Structure formats: C-alpha cells, structure tokens
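Understanding the architecture of this molecule
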Amino acid sequence: MVMASSPVLHGLRGVIEGLRGEAGFLYIAKARELARRGVEVISFGVGQPDIPTFDHIVEEAKRALDERFTGYTETAGIVELREAIADYLNERYDASVRADEVIVTTGAKTAIYLALASFLNPGDEIIVPEPSYPAYPEVARSLGARPVYVPLKWSPGSGFSLDVASVEEKVSPRTKMVVLTNPHNPTGAVFSPRQVDELLDLARRRGLIILADEIYDNFVYEGEFKSVLTHSDWRDYVLYVNGHSKTFSMTGWRLGYLVVRSDVARKLTRLAVNIYSCAPSISQRAGVAALKGSWEPVRKMIEEFRRRRNVIVEELARIPGVESYRPQGAFYIFPSVEKLLRETGMTSEQLVEHILYNKGVVMLPGTVFPETAGKNHVRLSYAISVDKIRKGLARIKEGFEELLTKTRK
Ligand SMILES: Cc1ncc(COP(=O)(O)O)c(C=O)c1O
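Residues numbered from 1 in each chain as written. Predicted model: local features only at pLDDT ≥ 70, side-chain atom pairs only at ≥ 80, totals over all residues. Heavy atoms only, no water.

The subject of this paragraph is the domain arrangement of the protein chain. On domain assignment, one finds that the protein chain holds domain 1 (14–52 + 297–408) and domain 2 (56–292). Relative placement of domain 1 and domain 2: their C-alpha centres are 26 Å apart. If you look at the interface, domain 1 gives 41 residues, while domain 2 gives 38 residues. Three residues stand out in domain 1 for area buried against domain 2, namely Tyr-325, Gln-328 and Ala-330, and they jointly supply 18% of the buried area on that side. For Arg-309, the salt bridge goes to Glu-222, with nearest N and O atoms at 3.2 Å. Counting every contact that joins domain 1 to domain 2 gives 21 residue pairs in polar contact (both at pLDDT 80 or more). Those elements giving two or more residues to the side of domain 1 that touches domain 2 turn out to be α2 (14–17), α12 (296–316) and β11 (332–333). Here the side of domain 1 that touches domain 2 takes seven residues from α12, the largest share from any one element. (Domains from an automatic or database assignment. Contact = heavy atoms within 4.5 Å. Buried area = accessible area lost by both parts, 1.4 Å probe. Salt bridge = Lys/Arg side-chain N within 4 Å of Asp/Glu carboxyl O. Polar contact = N/O pair within 3.5 Å; in protein donor to acceptor, adjacent residues only side chain to side chain. Helix = DSSP H or I, 4+ residues; strand = E, 2+ residues; numbered from the N terminus.)

This brings us to the environment of Thr-372. Here Thr-372 is to be found in the loop between β13 (364–365) and β14 (378–381). Residue classification places Thr-372 among the exposed residues on the basis of a relative accessible area of 54%. The spacing of Thr-372 and Pro-147 is 225 residues in sequence and 13 Å in space, taken between C-alpha atoms. (Buried < 20%, exposed > 50% of the residue type's maximum accessible area, 1.4 Å probe, protein only.)

On to the packing of helix α3 (residues 23–36) against helix α14 (residues 348–359). It is the contact of α3 with α14, at a shortest axis distance of 11 Å, that shows an interaxial angle of 20 degrees. Classified by the angle between their axes, α3 and α14 sit roughly parallel to one another. Two packed elements cross with a definite hand, and for α3 against α14 that hand is right-handed. Here Tyr-27, Lys-30, Ala-31 and Leu-34 of α3 come into contact with α14, specifically with Glu-349, Val-352, Glu-353, Leu-356 and Tyr-357. (Axes fitted to C-alpha atoms, helices over the stretch in contact; angles between N-to-C directions. Parallel < 35°, antiparallel > 145°, perpendicular 65-115°, else oblique. Left-handed = near helix turned anticlockwise from the far one by under 90°.)

The sheet built from three strands is open, its strands ordered β11-β14-β13 with antiparallel pairing. Looking at strand neighbours, the two that pair on one side only are β11 and β13, the edges of this open sheet. Note: β11 against β14, two bridges, orientation antiparallel. Paired with Tyr-332 across the two strands is Ser-381, which belongs to β14. (Pairing = 2+ DSSP bridges.)

Here we take up the sheet that holds strand β4 (residues 146–151). The sheet built from seven strands is open, its strands ordered β2-β10-β9-β8-β7-β3-β4 with mixed pairing. Edge positions in the open sheet fall to β2 (102–105) and β4, since each of these has one partner strand only. Strand-to-strand twist in this sheet, taken as the mean axis angle between neighbours without regard to direction, amounts to 20 degrees. Sheet analysis places strand β3 (residues 125–130) next to β4, joined by six bridges and oriented parallel. Pairing of Ile-126 across the sheet is with Pro-147, part of β4.

Looking now at the packing of aromatic side chains. For the structure on display, the rule yields 17 aromatic pairs. An aromatic cluster of at least three residues, connected via ring pairs, comprises Tyr-216, Phe-219, Phe-305, Phe-331, Tyr-332 and Tyr-382. The ring of Phe-69 has Arg-285 sitting right over it, with the charged end atom 5.2 Å from the ring centre. Just above the ring of Phe-305 sits the side chain of Arg-308; from NZ or CZ to the centre is 4.8 Å. (Phe/Tyr/Trp six-rings, centres within 6.5 Å; stacked < 30°, edge-to-face > 60°. Lys NZ or Arg CZ within 6 Å of the ring centre and 35° of its normal.)

A separate point is the pattern of salt bridges. Applying the stated criterion across every chain yields a total of 42 salt bridges. Across the salt bridge formed by Asp-217 and Arg-92, the nearest N and O atoms sit 3.9 Å from each other. Highlighted residues: Asp-217 in the loop between β8 (209–213) and β9 (238–243) and Arg-92 in helix α5 (residues 79–93), separated in sequence by 125 residues. For Asp-217, a relative accessible area of 2% gives the class buried. With a shortest N-O distance of 3.1 Å, Lys-359 and Glu-402 are connected by a salt bridge. Of the two residues, Lys-359 sits in helix α14 while Glu-402 sits in helix α15 (residues 386–408), which places them 43 residues apart along the sequence.

A surface patch of negative charge is lined by Glu-74, Glu-80, Glu-83, Asp-87 and Glu-91. Mapped onto the fold, Glu-74 is located in the loop between α4 (55–66) and α5. (Patch = residues over 30% accessible without salt bridge, like charges linked within 9 Å, V, L, I, M, F, W, Y side chains within 5 Å. Areas by Shrake-Rupley, 256 points an atom, 1.4 Å probe, with all protein chains shown as cover. Lys, Arg positive; Asp, Glu negative; His and termini not counted. Charge placed at Lys NZ, Arg CZ, Asp CG, Glu CD.)

As a further point, take the site of the ligand. Residues in contact with the ligand amount to 14 residues; listed here are only the nearest, Ala-108, Asp-213, Tyr-216, Ser-245 and Lys-246. A distance of 2.6 Å separates an oxygen atom of the ligand from a polar atom in the side chain of Ser-245. Within the side chain of Lys-246, a nitrogen or oxygen atom sits 2.7 Å from an oxygen atom of the ligand. Starting from 390 Å² of accessible surface for the ligand in isolation, the protein chains cover 93%. Ranked by residue count, the leading element in the shell around the ligand is helix α6 (residues 108–119), at three residues. Residue composition of the shell around the ligand, by class: six nonpolar, four polar and four charged. (Near = heavy atom within 4 Å. Nonpolar A, V, L, I, M, F, W, Y, C, P; charged D, E, K, R; others polar.)

Set out below in structure tokens:
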C-alpha cells in the first residue's frame, strides 16, 4: 500500500533539513567527475596525507585479522590502545592522563559528536572562531544549540591569530563551550602559547568548557605549539579531541579519541555504546602499533610536508591577486584572493568553479568554513607531491592572470 504522505520525509527535524554537508567532499566529487571525463585534475582539496598508512601499522592489522580479532571490543576501546594513547599524551605533554580518561571513537569526528551531544542543550551557545572546520557548528546546530562566530584576526604576511578579548566579548549567559582547533584547519595557524593560555584562563574565569581539537599536533613546522593538556587543571574544563587519521595517515581506519576526566568518561561511554558500540577492532590493534612502533615514518612525513609548505608559500607569492602568509602547521593554507575578487567581481565560489572547470585544479572556497569570515579566501591543502603543487599553482597563476587581463581590457 502506498501512503498518502511519507512520515520519513515529513518527519525530518527542521535543523537536519538545514544542515550543510562538508563542502570539501562536494568539490572532490566534482573533481572526480571531471577526471572521469579525461581531465588531469590536480587537487588541493583533500584533507588527508597522500602517503599510504605505514607498513608496520598495516602488518599489525593483518595480524589482527589472521587472529580473527574481529569482534566487538570494550566501547571505550581496548585497554592496550587506551594505555598507549595515555602514554603518548603524557610523554609529550606531561598531562597525567589515565587510560580510563580515554574514549576511543570512530575517527575524531565521532569524538567531536560525543563531546557536543553530551554537553550542549538546545539554546546553549558555542563560540566558534571562524573560519572553522565545519563539524563543530553543524553538529551544534543539529542539537539545537547556537554557534556564535568570532572571526580570527587576519593580516596579510602574518596570517591568522586568535584575539581572546574578542572571544570574551561574545560570552553570554548562554555560552557553554568554546572551540579551540590548534593547529588550525583551514588556516594552518598554530596559536601562540600566550593565546592558548589566555583562552584557558577565560574558560576558568567564566566557567566555560574548551573543546580542544589537536588532531594536527604533529604537523608543526615552526613556532611553539602548546597543548591544552599542559595545563595541570585540564580535567576541570577541557574536552580533548585527537586521533590517528592525520598523524599516521589512517583516515579510512576511523580511529580517534576523546580525553575527559574519568567520572565523566564513564557517563559518555554510555552514550557512545548506543551510537557506535566500539571503534573497529582491527583498527584499534593497528592503532596500538602506530603509537608504540617507530615514529621515523611520521618524522619523515612531517619533513616532507614542511618542504611542501615552503614550496606553496614561495609559489603563491608569485601569483597576482593573492595575499598570503607562512602557515606554521597542519597542511593547509588559506590565502586571501580579495584583490582578485574585487577586480573581477567574482565570489570565491565562482572563482573556485572557474579554476576547476578551466584549469582542472581543485581549491575550496573560504565560505565553506563555514560562513562568512572566509569569503575572501580559498583553502589549499598541500597534502600532494611537490611536483603537483608546482604544476597546480602554475595553472592557478595562469587562470588568475587570464581573469585579470580580461577584466582590465
Ligand atoms: C580539525 C579537524 N578535526 C577533526 C577531523 C576529523 O578527523 P577524523 O577523520 O579522524 O574523523 C578533521 C578532518 O579533516 C579536522 O580537520
């Protein structure tokens, strides 16, 4: 029997109708379509290292499969992995994290979801420095909470910084949480230890939670990176997110983690079990090998990314209409194309589409991160070879020059 109207269609909550997908994935799909038509596409779109997962990690996953380690595990993760994560964080940040303060998740994204779903009530506000990785505000909105954006400070030449005084101006009686992504996606900024300290001090003074996402903590090329976990009272106000996706090039393995004081971790695990039961058992075994095995491949990868960062900075400086800077971390750069947009009358979306369809190069428009602060910017991920970076930027340069010549005629 056919129903007159579909309750599945009409029962959808309004906030879900209004959610934006992660636009990065949209442009990647467009690029794939172009490639299928025979275009040699160069993509600065993807947010994952191009280097395959390191051999010793894959070997451990194979061993886990051979041993048929293929069942459910504890929801919070196998104890070997939670201990390995705690050891890693303690060695690195002197953080005194215990294994029972770690919840292993299906990627860092699930850690973000778990954190937000556990703390945000409808009507609560979450302060999001913008531009931002879109998951925090989108998940917050899906929960009926309200993202309140604070623009990062931008200056050509020196890049993006966090002005804690302007964060404080946005604190209201409804503010529950502040997001700190460090190193930062999409700008590649590494916030200074002073900025981190000031933000944590604000949280302490105003009784706010800091959602700290440090998934790029190994991708730091210069400057000093300070983890929130170095603050000895982190347990009182920090929800800490990290994971294996970027550091060990394990994006498809879906392995991330949330660190939170143990009494709260126990409660959050009750929500986790109802969402995903546990992270994939095989990935968890591989995740132990990643943390405890040799870090030499990670070091090599970071050196390669440093080289790429230097090349992209150098090459972008030669492109007309672009104002750039030297990002200190992650593997993104978020230059301003304001001059080009002003001269051509284009939006950053139009510019990105134009370059995609005329030059076969993928960039992401700044407006997908996620609203207006990035409207004069584009994001380029340099998780591709130096050759491709040079070739892609040569095409972008050509495209920008053509656009400028056309408008100046
Ligand atoms: C800042 C940030 N947090 C979290 C994630 C998600 O990581 P995962 O793939 O482990 O879910 C990403 C991925 O791009 C990211 O950039």
